[in-house]
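Letter by letter, the chains look like this.
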Amino acid sequence: MRAKFIFLFIVFYCNISQSQNLYTLKSSEDNSPIKYAYIYANNNILTSSDSLGIFKIKDKYLNSTIKIEALGYKTLDSVPIKNTSNILMEVKPVTLSEVVLTQKKNSKKYKLGKAKNGNVGIVCTIQNNTISQVSKLFKKPTQNIVFLDKVKFKTLCSDKNRILSVFIYSVDNNGKPDRILNNEDIICNLKKGHNAFELDLSHLNITFPEKGVFIALNYIFLDQNKCFPNKNNNWYYYEPSIDAISVDNYTDSWYNINGLWKKSQTYSISMQLTVTN
């Protein structure tokens, strides 16, 4: 049975009386909205853009150094936002030399890890050191394995309409998450309650790197993901609560603080990766 406590990274008290400014994030190529981008102020995450590319920033951040990151687009390191409402991002070119084409056989599958009930629930709040992503490392079990097939994990949501995104990373020479392998958004729409979520990766045709692969679950900082415990409107955290198992030292999980990856010494994410040849 899953433990009832929740592991909070940071406590955040919000001042809901501050006025907020609306911005729209769009592609410079076709003017389409850029959804679920991360918005930073002075290298700390503030919020995310929504499904229409819209995000809000409070008055006190108007003179701050704003950075914006979005999958498939060039990062904007210093964005002037004081006298504008529309922000354009350039598409990041695809490096064709990184694409490997292999014919699928789909004759044998391996399951790595387990998506079992955890005794720790990982949630997130926004403050000076914001956790935006948690990831689990999977090592290649055999040379016969070629493709990523499915990933399964467990979440707890106190309400419906919670969402998170998934990034698939290669592993660098130091064992950290490196290059994002999926070239399209992977958005998970989660159910209310404590449930397992299985995501089909087969259509992405992602080959299993020799050094291993990281599956990262990314918090999206939107109102629809906020949870107000005990009906206290001045304090909230972001769901989903991601199931994990307590550990005494590092095993396989990492977390991202404002763009920097660090090893988790306290938990291992409950996750199962299915791979195939």
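Going by the structure above, here's the rest.
Here's a quick rundown of the structure. (Residues numbered from 1 in each chain as written. Predicted model: local features only at pLDDT ≥ 70, side-chain atom pairs only at ≥ 80, totals over all residues. Heavy atoms only, no water.)

## So, the pattern of salt bridges
Under the convention used in this document: A side-chain nitrogen of Lys or Arg and a carboxyl oxygen of Asp or Glu constitute a salt bridge if their distance falls within 4 Å. Numbering goes from the N terminus for both helices and strands, where a helix is a DSSP run of H or I of at least four residues and a strand is a run of E of at least two. Each residue gets one of three labels from its accessible area relative to the maximum for its type: buried under 20%, exposed over 50%, partly exposed in between, using a 1.4 Å probe on protein chains only.
A full pass over the atoms with the stated rule returns seven salt bridges. The residue lysine 74 makes a salt bridge to glutamate 90 at a minimum N-O spacing of 3.5 Å. Taken together, the positions of lysine 74 in the loop between strand S6 (66–69) and strand S7 (76–79) and glutamate 90 in the loop between strand S8 (86–89) and strand S9 (109–112) put the pair 16 residues apart, joining distant regions of the chain. Under the relative-accessibility criterion, lysine 74 is labelled partly exposed at 37%. Measuring nitrogen to oxygen at the nearest pair gives 2.7 Å for the salt bridge that ties lysine 140 to glutamate 210. Here the residue lysine 140 occupies a position in the loop between strand S11 (131–138) and strand S12 (147–157), and glutamate 210 occupies one in the loop between strand S16 (193–200) and strand S17 (213–219), the gap between them amounting to 70 residues.

## Observations concerning the nonpolar core
Filter applied, for reference: Among the buried residues, those of types Ala, Val, Leu, Ile, Met, Phe, Trp, Tyr and Cys that are joined through side-chain atoms within 4.5 Å form a nonpolar core. In this description, contact between two residues means that some pair of their heavy atoms is separated by no more than 4.5 Å.
If you look at the biggest cluster of nonpolar residues, it comprises 45 residues, and the most contacted ones within it are Val134, Leu148, Ile168, Leu201, Phe208 and Leu273. In this structure isoleucine 168 touches Leu148, Arg179, Ile180, Leu181, Asn182, Ile186, Leu201, Leu204, Ile206, Val213, Phe214 and Ile215, once residues within four positions along its chain are discounted. The next biggest cluster of nonpolar side chains, apart from the first, holds 18 residues, and it includes Phe55, Ile68, Tyr73 and Ile87.

## A few points about the packing of aromatic side chains
What characterises a pair of aromatic rings is the spacing of the ring centres plus the angle enclosed by the ring planes. Inclusion rule: Stacked, tilted and edge-to-face are the three classes applied to pairs of Phe, Tyr and Trp rings, where Trp contributes its six-membered ring and a pair requires centres within 6.5 Å; stacked means planes under 30 degrees apart, edge-to-face means over 60, and tilted covers the rest. Cation placement over rings: the criterion is NZ of Lys or CZ of Arg within 6 Å of the ring centroid and within 35° of the ring normal.
Taken as a whole, this structure holds eleven aromatic pairs when the rule is applied. Pairing tryptophan 235 with tyrosine 237 gives two aromatic rings, centres 6.3 Å apart and planes at 70°, and the pair type is edge-to-face. Among the aromatic residues, ring-to-ring pairing joins Tyr38, Phe221, Phe228, Tyr236 and Tyr238 into one connected group. Taking NZ or CZ as reference, lysine 226 lies 4.3 Å from the ring centre of tyrosine 236, over its face.

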